[in-house]
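As a plain string of letters, each chain reads:
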Amino acid sequence: MMDIGALTQAMSQIGAFTPHAPAGSGVTGSAFLDKIASAMEITQQKTSETQSLTLEERLRERYPNLVYHVFDGSNRYWQTRNDFPFYKLFQQGTKAEEIENWTPSGPNPDPVSSGAQRMISPIPAGSTAVIIHPKVQERMEQDPEYADEIYKRIEAWFTFDQARNEAILPGISAGTSRCLAIGEDGNISNVMACSKGRITQSEGGEDEGDDFWTARTKRFRQYMKLVVEAQILQAQGISKQLNLWSLAESQKSEGSSSGSFQMTQQFSAMQASQAALAQTMSMMNGTELRQALGNTVAGVSVDAVFEATRKSIASFHPAVAM
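A few points on the structure. (Residues numbered from 1 in each chain as written. Predicted model: local features only at pLDDT ≥ 70, side-chain atom pairs only at ≥ 80, totals over all residues. Heavy atoms only, no water.)

What follows concerns the overall build of the protein chain. A count of helices and strands for the protein chain gives 13 helices and seven strands. When contacts within the protein chain are restricted to residue pairs at least 6 apart in sequence, long-range pairs at least 24 apart make up 71% of them. If you sum the accessible surface of the protein chain, you get close to 14700 Å²; carbon and sulfur atoms cover 50% of it. (Helix = DSSP H or I, 4+ residues; strand = E, 2+ residues; numbered from the N terminus. Contact = heavy atoms within 4.5 Å. Areas by Shrake-Rupley, 256 points an atom, 1.4 Å probe, with all protein chains shown as cover.)

Here you go:
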């Protein structure tokens, strides 16, 4: 059975989500999975050493730049508004009322508008924020087993979300910032991620009556449209990429280096994407991820989350059996 928490740490240790590393770095293809297995062994050895730590301490060991809040992060506008003050989630000292009591004024702005971009541009690249409901925090302080359950839930989501995004768009995880809120019931009440100045879920004009995952899928597709080169890479497919890479290698052997480095990088990215895709499908088809995530994510059933993920993957990987 897969250990989601250990898997997350293993991926981080080997830099598994930096697919544009130079060829020969050993972080693609089968080496990707081999290194994860090795790193997981080391991670599991450390498990007993962390049992006495608080949730915040454990998370800080994983994410040194962590911003940890204790307030109610279930504001529903987080899920639909492009002008929600997302940057405040990543700032130390943000007051609870700044998030809990925020309400919009005026129409929902376009995600590429200056007003929307101001809400995410101050977020430091690669940062992590976690928001814990006060009642959950209180219970964790009295019940270490419950704290461990919440820790595994957070790690499960971060692992899954990173792997599936990487499967769809190689390289998107580099520099990605993410935030997760745990609600009063201990389930995940809100999530978000942004990369390179744009929120990955953002798309203007969606119906505010849409459920979270419908809106998120719309927004994610809008972001994908902005990354033309990566879309072309995915559309070309594995066989064409292999042919192009082989051609580049042939040209290199003949004394021509034109296009060789670029093709090698694309081939490396393609391999990493396929490894992340395999891992994502394995997690969804298994039982541990489902158990760790709980019943719902952002008010939507885990089954619905998985179904939305499969549809997103299928649109970029038509040949993959869902």
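Back to the text.
Turning our eyes to something else, we now look at the pattern of salt bridges. Applying the stated criterion across every chain yields a total of 10 salt bridges. In this structure, R81 and D83 form a salt bridge, with 2.9 Å as the shortest nitrogen-oxygen distance. Between K88 and E98 there is a salt bridge, with the nearest N and O atoms lying 3.0 Å from each other. A residue pair is termed long-range when its members are at least 10 positions apart, and K88 in the loop between β1 (67-70) and α5 (96-100) and E98 in helix α5 qualify at 10 residues. Linked by salt bridges that have partners in common, R58, D148 and K152 make up one network. (Salt bridge = Lys/Arg side-chain N within 4 Å of Asp/Glu carboxyl O.)

In this section: the pairing of strand β3 (residues 177-182). With respect to burial, β3 is a largely interior element, six of its six residues being buried. Here β3 shows no split at all, with S177, C179 and A181 on one side and R178, L180 and I182 on the other all buried. Sheet analysis places β3 next to strand β4 (residues 188-195), joined by six bridges and oriented antiparallel. Considered in β4, the bridge of S177 is made with C194. (Buried < 20%, exposed > 50% of the residue type's maximum accessible area, 1.4 Å probe, protein only. Pairing = 2+ DSSP bridges.)

On to the packing of aromatic side chains. Following the criterion strictly, the structure yields seven aromatic pairs and no others. With a centroid separation of 6.1 Å and an interplanar angle of 25 degrees, the aromatic rings of W78 and F84 are classed as stacked. Of the two residues, W78 and F84, neither departs from the other in class, the shared state being buried. For the ring pair W157 and F160, a centre distance of 5.9 Å and an interplane angle of 65 degrees mean the geometry is edge-to-face. With a gap of three residues between them, W157 and F160 both fall in helix α8 (residues 144-168), about one helical turn apart. With respect to class, W157 is no different from F160; both count as buried. (Phe/Tyr/Trp six-rings, centres within 6.5 Å; stacked < 30°, edge-to-face > 60°.)

This paragraph deals with the environment of A167. Here A167 lies in helix α8. For A167, a relative accessible area of 0% gives the class buried. Between the C-alpha atoms of A167 and Q274, which are 107 residues apart in sequence, the distance is 6.4 Å.

Examined against the element boundaries, D161 turns out to sit in helix α8. The exposure class of D161 is buried, given its relative accessible area of 7%. Among the polar contacts listed, one links the side chain of D161 to the side chain of R164, at a separation of 2.9 Å. (Polar contact = N/O pair within 3.5 Å; in protein donor to acceptor, adjacent residues only side chain to side chain.)

Attention shifts here to the packing of helix α7 (residues 134-142) against α8. It is at 5 Å that the axes of α7 and α8 come closest, and there the two elements cross at 125 degrees. Between α7 and α8, the angle is such that the two are oblique. Counting all contacts with α7, which are made through V136, R139, M140 and Q142, the residues of α8 involved are P144, Y146, A147 and I150. When grouped by side-chain class, the residues that make up the contact of α7 with α8 number six nonpolar, one polar and one charged. (Axes fitted to C-alpha atoms, helices over the stretch in contact; angles between N-to-C directions. Parallel < 35°, antiparallel > 145°, perpendicular 65-115°, else oblique. Nonpolar A, V, L, I, M, F, W, Y, C, P; charged D, E, K, R; others polar.)

What follows deals with the environment of E98. Taking the relative accessible area as the measure of exposure, E98 reaches 27% and is therefore partly exposed. With sequence-adjacent residues up to four places away left out, E98 is seen in contact with P85 and K88.

Read these as spatial facts, not as claims about activity.
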